[in-house]
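Remarks on the overall topology
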Amino acid sequence: MNHIQVILCLIFFVNTEILSQKVEERNDFKKYFDEYEHEGCFVLHDLNKDLYIKYNPERCAERFIPASTFKIFNSLVGLETGAVKDEFEVFKWDSVKRFYDMWNKDIDMLGAFKYSCVWFYQELARRIGEEKMQHYITLNHYGNEDITGGIDLFWLNGGLRISADEQIEMLKKLYRDELKFSKRVMDTLKKIMIYDQTDEYTIRAKTGWAIRVEDQIGWFVGYVEKGSDVYFFAVNLQSKEPEEGFISRKEITLKILRELKIL
């Protein structure tokens, strides 16, 4: 089989997979976005039913800067390469006062992920280095695979872009231990990602807020484990003047998950 035949086969299989997806469009979810006066999209994948539920599917396929949702991937690379020994290794604060008090101290990965500490993950990326970072981003096909703009800035205001659809697929690979990282590292990340946990469900998730662009981007991505069911979700918002903390990214997600009887 020559190169052209291989490419044509890959295109065929990708297109067949896309066409075979069961997708339910929920235009009525617009009410949740209108409540906060934001443009945006929502996608959920019910793993057991193999069903995708989408609001604004065109936007779900559009790539945006990942902002702090990249901490999911950054953590994996840092742990895999040994740039950080484990989730408990403390990075020393550089004494620069920042606008979140929780950032103004020595902190480990557990705390940095929970409080979305930018300087910790910038230092982690510098320790990883451009060559290793590019290797793992390319190996795992993260978004557009573009890390131009600086090793400690490419996910904040540099070249990296990812779609809500792609966020879902990456999270599915993480859940299934199919990313190109050791199982030990992926298990560690899954513990770090716990956002909420009750007797009925566990949510593993990460927020993101791109404040360095004119039309600011808000993210909330993750998955819910409830008994034998797993639901992967991604919300993406855009606003010139988002409310403090872009709280709507979480509120919209939780309202939709409640309407779908997942929570």
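Let us look at the structure shown here. (Residues numbered from 1 in each chain as written. Predicted model: local features only at pLDDT ≥ 70, side-chain atom pairs only at ≥ 80, totals over all residues. Heavy atoms only, no water.)

**Topic: the side chain of Asn104**
What counts, and what does not: Here a helix means four or more residues in a row that DSSP labels H or I, a strand means two or more in a row labelled E, and each is numbered from the N terminus. Categorising residues by exposure relies on relative accessible area from a 1.4 Å probe, with only protein chains included: less than 20% of the type maximum marks a residue as buried, more than 50% marks it as exposed, and the intermediate range marks it as partly exposed. Polar contacts here mean pairs of N or O atoms no more than 3.5 Å apart (in protein, one a potential hydrogen donor and the other a potential acceptor; neighbouring residues in sequence count only if both atoms are side-chain atoms). Note on contacts: a residue pair qualifies if any of its non-hydrogen atoms lie within 4.5 Å across the two residues.
Relative to the helices and strands, Asn104 resides in the loop between strand S5 (90-91) and strand S6 (107-108). Of the residues examined, Asn104 reaches a relative accessible area of 11% and is grouped as buried. Separated by 3.4 Å, the side chain of Asn104 and the backbone oxygen of Tyr100 make a polar contact. The residues contacting Asn104, other than those within four sequence positions of it, are Trp93, Val96, Lys97 and Arg98.

**Observations concerning the state of the cysteines**
Heads up, the rule is: We call a pair of cysteine sulfur atoms a disulfide whenever their separation is within 2.5 Å.
Counted under the stated rule, the structure contains 0 disulfides. Summary of cysteine pairing: Cys41 is not part of a disulfide, and the nearest cysteine sulfur, belonging to Cys60, is at 3.9 Å.

**Regarding the nonpolar core**
This is how the line gets drawn: Buried Ala, Val, Leu, Ile, Met, Phe, Trp, Tyr and Cys residues that are joined via side-chain atoms within 4.5 Å together make up what is termed a nonpolar core.
Of all hydrophobic cores here, the largest spans 61 residues; its most connected members are Phe70, Phe73, Phe120, Leu124, Met133, Phe154 and Phe181. In terms of residues, this core owes the most to one element, helix H6 (residues 118-128), which gives 7 residues. Contacts of Leu124, omitting those with residues within four sequence positions, involve Asn74, Ser75, Gly78, Ala83, Val84, Phe91 and Met109. With 21 residues, the next largest nonpolar core counts Phe33, Ile53, Ile256 and Ile262 among its residues.

**Some details on the sheet that holds strand S1 (residues 22-25)**
Stated precisely, the cut-off is as follows: Only strands joined by at least two bridges in the DSSP assignment are considered to pair. In this analysis an axis means a line fitted to C-alpha atoms, helices contributing only their contacting stretch, and an angle means the value between N-to-C directions, from 0 to 180 degrees.
On the basis of which strands lie adjacent, the open sheet formed by 7 strands has the order S1-S3-S2-S11-S10-S9-S8 and mixed pairing. Bordering the open sheet on either side are S1 and strand S8 (194-197), each of which pairs with just one other strand. The mean inter-strand angle of the sheet, taken between neighbouring strand axes irrespective of direction, is 20°. In terms of strand pairing, S8 meets strand S9 (residues 202-210) through 3 bridges, oriented antiparallel. Among the inter-strand pairings, Gln197 is bridged to a residue of S9, identified as Thr202. The strands that helix H8 (residues 164-175) touches are strand S2 (39-46), strand S3 (51-55), strand S10 (216-226) and strand S11 (229-239); relative to S11, the one it contacts most, it runs at about 150°.

**Some points on the packing of aromatic side chains**
Each aromatic ring pair is characterised by the separation of its centres together with the angle its planes make. As a reminder of what qualifies: Under the pairing criterion, centres of Phe, Tyr and Trp rings, with the six-membered ring standing for Trp, must be within 6.5 Å; the plane angle then separates stacked pairs below 30 degrees from edge-to-face pairs above 60, leaving the rest tilted. Charge-over-ring contacts are defined here by two conditions on Lys NZ or Arg CZ: a distance within 6 Å of the ring centre and an angle within 35 degrees of the ring normal.
Applying the stated criterion across every chain, the model contains 23 aromatic pairs. Ring centres 5.3 Å apart and planes at 40° place the aromatic pair Tyr223 and Phe232 in the tilted group. Phe232 shares its class with Tyr223; the two are buried. Among the aromatic residues, those joined into a ring-pair cluster are Phe70, Phe73, Tyr136, Tyr142, Phe154, Trp155 and Phe181. Above the face of the Phe91 ring, Arg127 is positioned so that its terminal group lies 3.8 Å from the ring centre. The lysine or arginine in question, Lys206, covers the ring of Phe113, its NZ or CZ lying 5.7 Å from the ring centre.

**Observations concerning the side chain of Ser248**
Its location among the elements puts Ser248 in helix H10 (residues 248-259). Under the relative-accessibility criterion, Ser248 is labelled buried at 0%. In this structure Ser248 touches Tyr36, His38, Leu237 and Glu243, once residues within four positions along its chain are discounted.

**Re H10**
The test is simple: The span one expects for a helix is its residue count, reduced by one, times 1.5 Å.
With 12 residues, H10 should reach 16 Å at 1.5 Å per residue; the first-to-last C-alpha distance of 16 Å fits that figure. Of all the positions in H10, only Ser248, Arg249, Ile252, Thr253, Leu254, Ile256 and Leu257 are classed as buried. Looking at the buried positions of H10, the neighbouring elements they touch are helix H2 (30-35), S2, S9, S10 and S11. Directly beyond the C-terminal end of H10, a positive phi value near 65° is found at Lys261.

**Quick word on the packing of helix H4 (residues 71-81) against H6**
Where we set the bar: Geometric relationships in this document are graded by angle, where less than 35 degrees denotes roughly parallel, more than 145 denotes roughly antiparallel, 65 to 115 denotes roughly perpendicular, and other angles denote oblique. The handedness criterion is simple: a crossing whose near helix is rotated anticlockwise from the far helix by less than a right angle is left-handed, and one whose near helix is rotated clockwise is right-handed. Following the grouping adopted for this structure description, the nonpolar residues are Ala, Val, Leu, Ile, Met, Phe, Trp, Tyr, Cys and Pro, the charged ones are Asp, Glu, Lys and Arg, and the polar ones are all others, Gly among them.
Contact geometry for H4 and H6: axes closest at 10 Å, N-to-C directions at 45°. On the basis of the axis angle, H4 is oblique to H6. Here the hand of the crossing between H4 and H6 comes out left-handed. Where H4 abuts H6, its residues Lys71, Asn74, Ser75, Val77, Gly78 and Thr81 lie against Val118, Tyr121, Leu124, Ala125 and Ile128. For the contact of H4 with H6, the class distribution of residues is 6 nonpolar, 4 polar and 1 charged.

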